[in-house]
Amino acid sequence: GKKLVAILSEAASTGISLQADKRVGNQKRRVHITLELPWSADKAIQQLGRTHRANQTSGPSYKFLISDVGGEKRFAAAVAKRLALMGALTQGDRRATGQSNALGLGGFDFDNKFGTRALRKMLEEIWKCNKNCLTDAPEKLVLDALKTIDSRLSEALDQGLGTWKKYLAPYSDDTKSEQDHYKMMEDLLLHKCPQLAEQRVKAIGEGKSVVKYLEKLSDGTETKEAIKPKIDEEVKAAMEAGLNFNVLCFLWLFDVGVTEQSASGANNYFKKGKPIDVPKFLNRTLGMNLLRQKLIVEHFIKHLGKQVTLAKREGTYDLGIQTIGGHSVVIEKPRSFCFRGLEAKDERVLLYKVNLDRGMDAETAMQLYKEAEASSDNETNSSATNIGAGGFFGVGQVRVIKSGFYIDRRDVFKEVPRMFLIVNQGRTSNNCVVVRPNEGKKIWTKEFVWKTWLHGNACQLTRCTDINQAMVTWKKEFDLADRPSSERYQRYCYGRHTESCIFGGDIIPILNKILASSNLNGIGLANDMPLVMPDVVRVEPPGKTPEDDSANEVNESTVDEQAEDEDDSSEPPAVGHKVALKMLGGSVFRGAITECKDDPESFITTFTDGSVVEMSTDEVNKARQLFDTEWTKLVVDADVPKAVASSIEVHNSVNAQAQGATRRPILPAGEEKTTEEYEKIFEEEYDGDVPDVLVGLEFPKKELRLYSQSAHDHVFIPFWQFVLRKLAERLLEEGAHSSRELLNLENAERVKLQQG
């Protein structure tokens, strides 16, 4: 804590602690300046963590030196995405991207669903060479493109004025790269920009080719002052004929290997790959010169802003946590894994199984209908369905979507007509709530509802006038849907019961390893993807009953009565007051205040591991509160007698999940070396409670086909199990202690303490 400046290289990215630690002399707020972001988001987070650690008096101020070079934003985007995920997990709130926002990287969080939409929209306009463009083309860069166009057209015109279109095609003896270039130019001039091609052919015929002008300037035939107005005139004429920024991007992307075919993933007829995504797009821009990088990335950011603005207007802007809820939600007792060994032997990654009934019963649907009827703002919708906002139904036309029950009476539904409840959310929203007995609530735009269900070619719903009969039909379909979502009760209609597996518990410390374990490259799948990112989800069961609340009140009062025997933490600290200290790895040591100092006011505390720590008043008060918290866990959660829990000789590590004092591995002794289910090597029995609300990670609901050595055949496993297994396999390769090894070490330590 003596030095004021530390310079870190990549070698110091791990291990070193440089935070404003309470135990060092220099407790000034750290200013962490990053001159260059690493290529890897994981390494960046490791570096940022050097100055942002536990036991600090204040968090650091981060400063990032990021130029306006477009490609550099790729690295900032990768770090921002990872920090946004961590922020959502730690804050447990919707739109929780606070981690990246706090660091000043929130504006670089491109790699999300809105970034993907923006990229698709931008590329669609580029491939069509759309005349409407968000970015104006700089004239200098237009001139560069015009030289390329005039040069190719001049070559074709040399073969004959009337046959120039024919000679835009490549020759059979051209090289592969030449053929690709000529095909691109043929497509651009004949199909994307025919008006521009005709204008340039005419200009070249009149001797106004910019290539010829530049040749005259080069050989000294004409002066710069004489040539510049002529070139400016041709640039202006070409821009009026359609040479805009979209055309420039069309040419630039071709130069770095991005074409309409490759961007869609259709590289050849037999195998369709993955369409270009935001990270790959930003990566490809690195092949452009600095000015092009800057302009095309800024163009993408404009499209992103447009998508975000549209989503906010429609009420669908949400980058954070997806809420899982429904008719009933049951969170089962989780599986528990200790993945970090001696480094953090009391931390657990928990895998929750969530059973969801996503449907909506008739009573709840009727209540929602009555609430909609009571609203006075659901009769008309001019903002979302006229040409100014939606642009789908003709100038000045207004389409009314009335809230109510609707029925689909088509003959294909043999068991029961399909029922819908459609709720128009009023003039201020562009959305409708659409409810189905088997699927619950979903949000759709009014344009989609109108075109798909109310005035679609295949389906036109009829509004129910008999509400009682609608309730009877709704209940019948709700009962028919009482089956798994994989089963169909009639055409297009599936059951309402689904199952999810959510990663929870202490997942932040190994988040990077969890994400790395979702990498599908190299496992032999037909459509390998570099990385499958999970969603951050919030599981919210239906509200508690009054009985649940009263039960909680009883428990709290019981704790209060038991706590009367303990030190009153509101009193000033004094010798003999009990304290607790959480050490690295999660272990909690208990102790007591053994000495008080007056100048400055501080306290000497002694703990059961023999350590002596000097604490300030604030620190000692927090230590007393931690003792009370641990005491409550022992008495209430672990059923430890009060006298034992009060003793400072107790060394316990009960964590937030209330694990028992003795770990109990799932696998019997001796089976660790024979199992293929590597995750079970780290699995233990779980003794804690099931939370009322759960925030965690959910991977896509898909299955992978992998070969099993024991079955001597290929088997299908859910993706969450694949991630869990790959994570365990990786940790075993790194030498992490198994649950059985940790148990043996703890037993040996316990025996040693008893003998001592």
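Scroll up to find the structure.
Residues numbered from 1 in each chain as written. Predicted model: local features only at pLDDT ≥ 70, side-chain atom pairs only at ≥ 80, totals over all residues. Heavy atoms only, no water.

### A few points about the overall build of the chain
A count of helical and extended segments in the chain gives 22 helices and 23 strands. Across the 756 residues that make up the chain, the buried fraction comes to 42%. Just so you have it, the chain exposes about 39500 Å², and 50% of that area is on carbon and sulfur atoms. (Helix = DSSP H or I, 4+ residues; strand = E, 2+ residues; numbered from the N terminus. Buried < 20%, exposed > 50% of the residue type's maximum accessible area, 1.4 Å probe, protein only. Areas by Shrake-Rupley, 256 points an atom, 1.4 Å probe, with all protein chains shown as cover.)

### Looking at a nonpolar patch on the surface
Together, Val31, Ile33, Leu35 and Leu65 make up an exposed nonpolar region whose accessible area comes to about 430 Å². If you trace the backbone, Leu65 turns up in the loop between strand E2 (61-64) and helix H2 (73-91). (Patch = residues over 30% accessible without salt bridge, like charges linked within 9 Å, V, L, I, M, F, W, Y side chains within 5 Å. Salt bridge = Lys/Arg side-chain N within 4 Å of Asp/Glu carboxyl O.)

### With respect to empty space enclosed by the protein
Applying the stated rule across the entire model yields 1 cavity of 30 Å³ or more. Taken as a whole, the largest cavity holds about 40 Å³ of empty space. Taken together, His32, Thr34, Leu37, Pro38, Ala44, Gln47, Leu48 and Phe64 make up the lining of the largest cavity. If you tally residues by element for the lining of the largest cavity, the top one is helix H1 (residues 41-48), at 3 residues. Of the residues in the lining of the largest cavity, the class split is 5 nonpolar, 3 polar and no charged. (1 Å grid on protein atoms, 1.4 Å probe; cavity = no way out; pocket = protein on both sides within 12 Å on 5 of 7 lines; lining within 4 Å. Points joined across faces, edges and corners; volume = space filled by probe spheres on them. Nonpolar A, V, L, I, M, F, W, Y, C, P; charged D, E, K, R; others polar.)

### Side note on the packing of aromatic side chains
For the coordinates displayed, the defined rule picks out 16 aromatic pairs. Seen from their ring centres, Tyr62 and Phe64 are 6.3 Å apart, and the 25° between their planes marks the pair as stacked. Residue classification places Tyr62 among the buried positions, given a relative accessible area of 12%. With centroids separated by 5.7 Å and ring planes inclined at 80°, the aromatic side chains of Phe405 and Trp474 adopt a geometry described as edge-to-face. (Phe/Tyr/Trp six-rings, centres within 6.5 Å; stacked < 30°, edge-to-face > 60°.)

### Considering the sheet that holds strand E9 (residues 431-436)
If you walk across this open sheet you meet the 5 strands as E10-E9-E8-E7-E11, and the pairing is antiparallel. Of all the strands in the sheet, just strand E10 (440-445) and strand E11 (462-463) have a single pairing partner and so form its edges. Sheet topology note: the strand E7 (residues 404-408)/strand E8 (residues 418-424) ladder contains 5 bridges and is antiparallel. The partner of Asp408 across the bridge, within E8, is Arg418. Against the sheet, helix H14 (residues 362-374) engages E7, E8, E9, E10 and E11, with an angle of about 30° to E8. Across the face of the sheet, helix H15 (residues 446-454) comes into contact with E7, E8, E9 and E10 while running at roughly 105° to E10. (Pairing = 2+ DSSP bridges. Contact = heavy atoms within 4.5 Å. Axes fitted to C-alpha atoms, helices over the stretch in contact; angles between N-to-C directions.)

### Considering the nonpolar core
Core analysis: the largest hydrophobic core is formed by 73 residues, its most contacted members being Leu123, Leu243, Leu248, Leu253 and Phe281. Leave out the neighbours within four places in its chain, and Leu123 touches Leu253, Ala263 and Ile276. Ranked by size, the runner-up nonpolar core spans 27 residues in total, among them Phe339, Phe503, Ile514 and Val723. (Core = buried A, V, L, I, M, F, W, Y, C linked by side-chain atoms within 4.5 Å.)

### Structural notes on the pairing of strand E4 (residues 328-331)
Covered by surrounding structure in E4 are Val329 and Ile331 only, the residues Ser328 and Val330 on the alternate face being uncovered. Taken together, the 4 bridges between E4 and strand E6 (residues 349-357) define a ladder with antiparallel strand orientation. The residue of E6 that forms the bridge with Ile331 is Val354.

### Looking at the pattern of salt bridges
As enumerated under the stated definition, the model contains 37 salt bridges in all. For Asp150, the salt bridge is made with Arg200, and the minimal N-O distance between the two is 2.8 Å. Highlighted residues: Asp150 in helix H5 (residues 139-157) and Arg200 in helix H7 (residues 194-205), separated in sequence by 50 residues. With respect to class, Asp150 is no different from Arg200; both count as buried. Two residues, Arg200 and Glu234, come together in a salt bridge whose shortest N-O distance is 2.8 Å. Taken together, the residues Arg200 in helix H7 and Glu234 in helix H9 (residues 224-240) connect sequence positions 34 residues apart. Note on accessibility: Arg200 and Glu234 belong to one class, buried. Each member of the salt-bridge network shares a partner with another, and the members are Arg348, Arg663, Glu684 and Glu746.

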